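A look at the structure
Listed below are the residues making up each chain.
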Amino acid sequence: SQTIHQWPATLVQPVGSPLSLECTVEGTSNPNLYWYRQAAGRGLQLLFYSVGIGQISSEVPQNLSASRPQDRQFILSSKKLLLSDSGFYLCAWRGDSTYTGELFFGEGSRLTVL
Amino acid sequence: SQQGEEDPQALSIQEGENATMNCSYKTSINNLQWYRQNSGRGLVHLILIRSNEREKHSGRLRVTLDTSKKSSSLLITASRAADTASYFCATDAHSNSGYALNFGKGTSLLVTP
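Below is a summary of the structure that appears in this document. (Residues numbered from 1 in each chain as written. Chains lettered and ligands numbered in written order. Predicted model: local features only at pLDDT ≥ 70, side-chain atom pairs only at ≥ 80, totals over all residues. Heavy atoms only, no water.)

What about the sheet that holds strand S8 (residues 73–78) of chain A?
Residue and element names in this part refer to chain A. As summarised here, the arrangement of the 4 strands in space is S1-S3-S8-S7, forming an open sheet in which the pairing is antiparallel. At either end of the open sheet lies a strand with only one pairing partner, and these are strand S1 (3–7) and strand S7 (64–70). Within the sheet, the average angular offset between the axes of one strand and its neighbour, ignoring direction, is 15°. By the bridge criterion, 5 bridges tie S1 to strand S3 (residues 19–26) in an arrangement that is antiparallel. Residue pairing across strands places Thr-3 opposite Glu-26, the latter belonging to S3. (Pairing = 2+ DSSP bridges. Helix = DSSP H or I, 4+ residues; strand = E, 2+ residues; numbered from the N terminus. Axes fitted to C-alpha atoms, helices over the stretch in contact; angles between N-to-C directions.)

Looking at the pattern of salt bridges
Close approach of charged atoms lets side chains of opposite charge pair. Evaluated as defined, the whole model comprises 6 salt bridges over all chains. Between Glu107(A) and Arg41(B) there is a salt bridge whose closest N-O contact spans 2.4 Å. You can see Glu107(A) sitting in the loop between strand S10 (104–105) and strand S11 (109–113) and its partner Arg41(B) sitting in the loop between strand S4 (31–37) and strand S5 (43–50), one on each of two chains. Each of Arg36(B), Arg60(B) and Asp83(B) takes part in one network of salt bridges that share partners. (Salt bridge = Lys/Arg side-chain N within 4 Å of Asp/Glu carboxyl O.)

Some details on the packing of aromatic side chains
To describe a pair of aromatic rings, one takes the distance between the centres and the angle between the planes. Under the counting rule described, the total for this entry stands at 9 aromatic pairs over all chains. Plain terms: the ring middles of Tyr34(A) and Tyr49(A) are 4.9 Å apart, the flat faces sit at 65° to each other, and that makes the pair edge-to-face. Of the two residues, Tyr34(A) sits in strand S4 (residues 32–38) while Tyr49(A) sits in strand S5 (residues 44–52), which places them 15 residues apart along the sequence. With relative accessibility at 0%, the residue Tyr34(A) sits in the buried group. Taking 5.9 Å as the distance between ring centres and 45° as the angle between the ring planes, the aromatic pair formed by Tyr36(A) and Phe105(A) counts as tilted. Placement of the pair is Tyr36(A) in strand S4 and Phe105(A) in strand S10, with a sequence separation of 69 residues. Both residues of the pair, Tyr36(A) and Phe105(A), count as buried. Through a chain of ring-to-ring contacts, the aromatic side chains of Tyr34(A), Tyr36(A), Tyr49(A), Phe105(A), Tyr35(B) and Phe103(B) assemble into a single cluster. (Phe/Tyr/Trp six-rings, centres within 6.5 Å; stacked < 30°, edge-to-face > 60°. Buried < 20%, exposed > 50% of the residue type's maximum accessible area, 1.4 Å probe, protein only.)

Observations regarding the pairing of S11(A)
All names here are of chain A. Side chains Ser-109, Leu-111 and Val-113 of S11 all project onto a buried face; the interleaved residues Arg-110 and Thr-112 project onto a face where none is buried. Here 4 bridges tie strand S2 (residues 10–13) to S11, and the two strands are oriented parallel to one another. Paired with Val-12 across the strands is Thr-112, a residue of S11. As paired elements, strand S9 (residues 87–94) and S11 share 3 bridges and run antiparallel to each other. When the bridges of S11 are listed, Tyr-89 appears paired with Ser-109.

Thoughts on the side chain of Arg36(B)
All names here are of chain B. Within the element layout of this structure, Arg-36 appears in strand S4. A residue is classified by how much of its surface remains accessible, and Arg-36, at 18% relative accessible area, is buried. At a separation of 2.5 Å, a polar atom in the side chain of Arg-36 contacts the main-chain carbonyl oxygen of Ala-82. In this structure the side chain of Arg-36 is engaged in a polar contact, spanning 3.3 Å, whose partner is the side chain of Tyr-87. (Polar contact = N/O pair within 3.5 Å; in protein donor to acceptor, adjacent residues only side chain to side chain.)

Quick look at the side chain of Ser73(B)
Residues and elements named next belong to chain B. Along the chain, Ser-73 turns up in strand S8 (residues 71–76). Classification of Ser-73 by relative accessible area gives buried; the value is 14%. Polar contacts involving the side chain of Ser-73 include one to the side chain of Thr-64, which spans 2.5 Å. Not counting chain neighbours up to four residues away, the residues in contact with Ser-73 comprise Met-21, Asn-22, Trp-34, Arg-62, Val-63 and Thr-64. (Contact = heavy atoms within 4.5 Å.)

Examining the sheet that holds strand S1 (residues 5–7) of chain B
Residue and element names in this part refer to chain B. An order of S1-S3-S8-S7-S6 is seen for the 5 strands of this open sheet, with the pairing classed as antiparallel. Bordering the open sheet on either side are S1 and strand S6 (55–58), each of which pairs with just one other strand. Sheet twist, expressed as the mean angle between neighbouring strand axes with direction ignored, is 20°. For S6 and strand S7 (residues 61–66), the ladder comprises 4 bridges, and the chain directions are antiparallel.

The following block contains the structure:
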């Protein structure tokens, strides 16, 4: 069966420090991968989307970046965090090539920038 | 961008009652999905309804879709305290990079014993 792992679960970082959140999927190949951010009491904002290794699409311009160095690995990074980067970050995948199926989410990474 | 908008933002009911949540969206869709999120956890898929379907059932869940009104509703029958969670509708949307799901802000459901 397929599983998705996301870490770290919680993170407290000072403003201006770097960030690296990692997501890996097991039990499937060539998944479509997503990073979403959820601010407190808000809906989910799509940040990045990837259909394959090295293929990253950004939905929202910001100081965050994403990379996909391996087929089932998706990394969210920042060189210098801002206060506004605080939030709950969710990685998700889906496997259908028609892009119309359900998303499977990780358990999330809660980032607090102080 | 967020396409789905849920209504109400918050709903409080007692166990055994039915809970109805609504979702409105703006552009044409291939399908509409409903997800559930327990506090501090990831989202879990509940049900998917295609654009050519009008109603779908799954256990105590009933989803309707009205493409002419660009709206959907999620009905949870005989609610339980364990149904307490946030519920989100999501629609597919084609961007320059491919298909992604756009989520609304969610309805926070509280079911009290």
